[in-house]
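Listed here are the chains, written in short residue letters.
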Amino acid sequence: MESILNNRPALAAEVEKAAEVAGYLWQKGWAERNGGNITLNITEFVDDEIRNMPAISNVLSIGTCLPYLKGCYFYCKGTQKRMRDLARRPMENGAVIRILDDCASYVIIADQPVMPTSELPSHLSVHNYLIEHGSPYKASLHTHPIELIAMSHHPRFLKDDVAGTLLWSMIPETKAFCPRGLGIIPYELPGSVKLADATISKLADYDVVMWEKHGVFAVDTDIMSAFDQVDVLNKSALIYVAAKNMGFEPEGMTETQMKEMTEAFNLPK
Ligand code: 13P
Ligand code: ZN
């Protein structure tokens, strides 16, 4: 079958990684029905043939103007598509889009006219921010991790850095592999530009943010690394829940132990 991935091994490898992550999200119970979404900035893999590919959709509006995305290309999970299906057939459950010169609209170019995720405003606003700030990050992930979402139902964990600091203290690796912690975004309507704006307002300080009572949004160099950051945070949340289920509040690593670990691993304070 004709596919944009044919004879483009580097591009195919990135999309295959998204498919692999989609399978993990389903296995973890974080991707009920169509829950969660993935976008990849694939502009670096685009050749003249791709640049000349005709649109296979109407011109569609992003809902906001994103000047750094002019001429960029993204792989996007399709709206209402299931991660468990994307895991096996990424180009039937996602599509490649081209951002047009007005920076506020896009067209689908391959392989099929699969409408992008409803969270496109957040994903694209984040990619716009990353390019503006010269970041090497190319992938963004939104998912519904059970225990992290549960924590966002308690006001105590909605204060800045309370949940993040607690999660870091559950096991040393969490700070090592999610060194910027967990930002908190108060509830906003899914798919809204307000949610997108709130998300980018936290990215200067965090790679992973919690959308209150909804899920998390993570960015990293590739989709596997973005997944890993959420995975270590949720592992800590599971340890916290396990201790609570045994009937006690977990002690957590002490401040001295955290400080020692932060210095030994050369992590941000
Ligand atoms: P989509 O199916 O539109 O990607 O939406 C899933 C989701 O998790 C919305 O927040
Ligand atoms: Zn969601």
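Up top you'll find the structure we're talking about.
As the structure is a computational prediction, the values presented were derived from the model and not from experiment.

## Here we look at the overall build of the protein chain
Thinking step 1. Scanning the protein chain from terminus to terminus reveals ten helices and nine strands.
Thinking step 2. For 269 residues, the compact-globule estimate of 2.2 N^0.38 gives 18 Å, and the C-alpha radius of gyration of the protein chain, at 19 Å, lies within 12% of that figure.
Thinking step 3. Summarising its shape, the C-alpha atoms of the protein chain cover approximately 60 × 35 × 35 Å along the three principal directions.
Thinking step 4. Counting across all 269 residues of the protein chain, residues that qualify as buried make up 54%.
Thinking step 5. Of all intrachain contacts in the protein chain linking residues separated by at least 6 positions in sequence, the fraction that spans at least 24 positions is 73%.
Thinking step 6. Looking at the protein chain as shown, the accessible area adds up to about 12200 Å², and 54% of this sits on carbon and sulfur atoms.
Thinking step 7. Between the mean site of the 25 positive side-chain charges and the mean site of the 34 negative ones, the protein chain shows a separation of 4 Å.

## Focus on the site of ligand 1
Thinking step 1. In the vicinity of ligand 1, 13 residues are found, and the nearest of them are Asn34, Thr79, Thr117, Ser118 and Glu119.
Thinking step 2. In this structure, Gln80 approaches ligand 1 through a main-chain N or O atom, which is 2.8 Å from an oxygen atom.
Thinking step 3. His142 places a side-chain nitrogen or oxygen 3.3 Å from an oxygen atom of ligand 1.
Thinking step 4. Of the residues that constitute the shell around ligand 1, the class distribution is no nonpolar, eleven polar and two charged.

## Re the coordination of the zinc ion (ligand 2)
Thinking step 1. Coordination of the zinc ion (ligand 2) by the protein comes from His142 (NE2), His144 (NE2) and His214 (NE2), over a distance range of 2.1 Å.
Thinking step 2. Motif for the zinc ion (ligand 2), donor spacing along one chain: H-x1-H-x69-H. Remark: His214 occurs in the loop between strand 8 (208–211) and strand 9 (215–220) and His142 occurs in strand 6 (residues 139–143); sequence separation between them is 72 residues.
Thinking step 3. Judged by its relative accessible area of 14%, His214 is buried.

## Topic: the pairing of strand 8
Successive residues of a regular strand alternate their side chains across the two faces of the sheet.
Thinking step 1. Burial along strand 8 is two-sided: Val208 and Met210 facing one way and Val209 and Trp211 facing the other are all buried.
Thinking step 2. In this structure, strand 7 (residues 182–185) lies alongside strand 8, joined through four bridges in parallel fashion. The residue of strand 8 that forms the bridge with Leu182 is Val208.
Thinking step 3. You can see the chain leave strand 7, run along helix 8 (residues 193–202) and come back into strand 8, and the turn it takes is right-handed.
Thinking step 4. Pairing of strand 8 with strand 9 involves four bridges; the strand directions are antiparallel. Its bridge partner lying in strand 9, Val208 is registered against Ala218.
Thinking step 5. Turn length for the strand 8-strand 9 hairpin, with the two strands adjacent in sequence and antiparallel, is three residues, and the turn residue Lys213 shows positive phi of about 55°.

## Focus on the nonpolar core
Thinking step 1. With 51 residues, the main nonpolar core has Ile4 and Ile109 as its most contacted residues.
Thinking step 2. In terms of residues, this core owes the most to one element, helix 9 (residues 223–245), which gives nine residues.
Thinking step 3. Setting aside residues no more than four positions away along its own chain, Ile4 makes contact with Leu11, Ile50, Met53, Met91, Val96, Ile109, Ala110 and Asp111.
Thinking step 4. Counting 15 residues, the second largest nonpolar core, distinct from the first, contains Ile62, Ile97, Tyr106 and Val114.

## Considering the sheet that holds strand 1 (residues 37–41)
Thinking step 1. Pairing is mixed in the open sheet, where nine strands are placed in the order 2-5-4-3-1-6-9-8-7. Of all the strands in the sheet, just strand 2 (60–61) and strand 7 have a single pairing partner and so form its edges.
Thinking step 2. Of the strand pairs in this sheet, strand 4 (residues 94–99) and strand 5 (residues 105–110) are connected by four bridges, and their pairing is antiparallel. Bridging across to strand 5, Ile97 finds its partner in Ile108.
Thinking step 3. Docked against the sheet, helix 4 (residues 120–132) engages strand 1, strand 3 (73–77), strand 4, strand 5, strand 6, strand 8 and strand 9, running at close to 30° with respect to strand 1.
Thinking step 4. Its contacts with the sheet put helix 8 on strand 7, strand 8 and strand 9, and the angle it makes with strand 7 is roughly 150°.

About the cut-offs
- Residues numbered from 1 in each chain as written.
- Chains lettered and ligands numbered in written order.
- Predicted model: local features only at pLDDT ≥ 70, side-chain atom pairs only at ≥ 80, totals over all residues.
- Heavy atoms only, no water.
- Helix = DSSP H or I, 4+ residues; strand = E, 2+ residues; numbered from the N terminus.
- Rg over C-alpha atoms; globule rule 2.2 N^0.38 Å.
- Buried < 20%, exposed > 50% of the residue type's maximum accessible area, 1.4 Å probe, protein only.
- Contact = heavy atoms within 4.5 Å.
- Areas by Shrake-Rupley, 256 points an atom, 1.4 Å probe, with all protein chains shown as cover.
- Lys, Arg positive; Asp, Glu negative; His and termini not counted.
- Charge placed at Lys NZ, Arg CZ, Asp CG, Glu CD.
- Near = heavy atom within 4 Å.
- Polar contact = N/O pair within 3.5 Å; in protein donor to acceptor, adjacent residues only side chain to side chain.
- Nonpolar A, V, L, I, M, F, W, Y, C, P; charged D, E, K, R; others polar.
- Donors = N, O, S within 2.8 Å, 3.2 Å for Na, K, Ca; no water.
- Pairing = 2+ DSSP bridges.
- Right-handed = clockwise from strand over helix to strand, strands pointing away.
- Core = buried A, V, L, I, M, F, W, Y, C linked by side-chain atoms within 4.5 Å.
- Axes fitted to C-alpha atoms, helices over the stretch in contact; angles between N-to-C directions.

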